[in-house]
Amino acid sequence: LIERLMKEDPSLVVSVSATTRTPRPGEINGVHYHFVSNEEYDRLVAEGAFVEYATVHGNRYGTLRSEVYERLQRGENVVLDIDVQGALNVIASEKEKVSIFILPPSMKELRERLTGRGTETPEAIERRLHNAVWEISQKDHYEYKVINDDLETAKAEAEKVIEEFMKK
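First, a word on what this report is: a plain description of the structure on this page. (Residues numbered from 1 in each chain as written. Predicted model: local features only at pLDDT ≥ 70, side-chain atom pairs only at ≥ 80, totals over all residues. Heavy atoms only, no water.)

1. Describing the pattern of salt bridges
When their charged atoms lie close together, side chains carrying opposite charge are able to pair. Here the structure, examined in full by the defined rule, presents 18 salt bridges. For Glu126, the salt bridge identified is with Arg111, shortest N-O distance 2.5 Å. Here Arg111 lies in helix α5 (residues 107-117) and Glu126 lies in helix α6 (residues 122-137), a separation of 15 residues in the sequence. Glu126 sits in the partly exposed class, given a relative accessible area of 40%. With a shortest N-O distance of 2.8 Å, Arg128 and Glu120 are connected by a salt bridge. According to the relative accessible area criterion, Arg128 is buried, its value standing at 18%. (Salt bridge = Lys/Arg side-chain N within 4 Å of Asp/Glu carboxyl O. Helix = DSSP H or I, 4+ residues; strand = E, 2+ residues; numbered from the N terminus. Buried < 20%, exposed > 50% of the residue type's maximum accessible area, 1.4 Å probe, protein only.)

Right under this line is the structure:
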């Protein structure tokens, strides 16, 4: 969904998060994530280098302040593709933002999508599904909700939200 939005609006850029998890096949450091050691992650937390950070599905993730604010200064519109824990922190702390919760059409469909990616073990998929129950329960903290059932419909709904936000 985010890739499709970016194709339509080149001013949108995705912030590259830092993570302590192992890269998946095909992932490139600095492009998909900034892959860091636990020690480096701890140092970044201590320095206040993250806009938000959280442990998700057993791995640690964070959005680097420098990654966001340097892009904003260049006139880019930064999209944070982050988990609920981090989003709740951003919602509480950042003034100029819009929050959109992307919902799966159903838990059954979420399971099929996770399984279809072929990137995670059955145990990891079960952990993600278990965590999704709590995550979905937090959707009312977001300003907008979009169900990602039909990609074109979801894209159109998200574009409308972004356009309205940009008019402010």
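2. Section: the environment of Val79
Relative to the elements of secondary structure, Val79 occurs in strand β6 (residues 77-79). Here the alpha-carbon distance between Val79 and Ser99, two residues 20 residues apart in the chain, equals 9.8 Å. Leave out the neighbours within four places in its chain, and Val79 touches Ile2, Leu12, Val13, Val14 and Ser15. (Contact = heavy atoms within 4.5 Å.)

3. Details of unusual backbone geometry
Of note in the backbone geometry, His57 takes a positive phi value of approximately 55° without being a glycine. Structurally, His57 is set in the loop between β4 (50-56) and β5 (59-64). Judged by its relative accessible area of 13%, His57 falls in the buried class.

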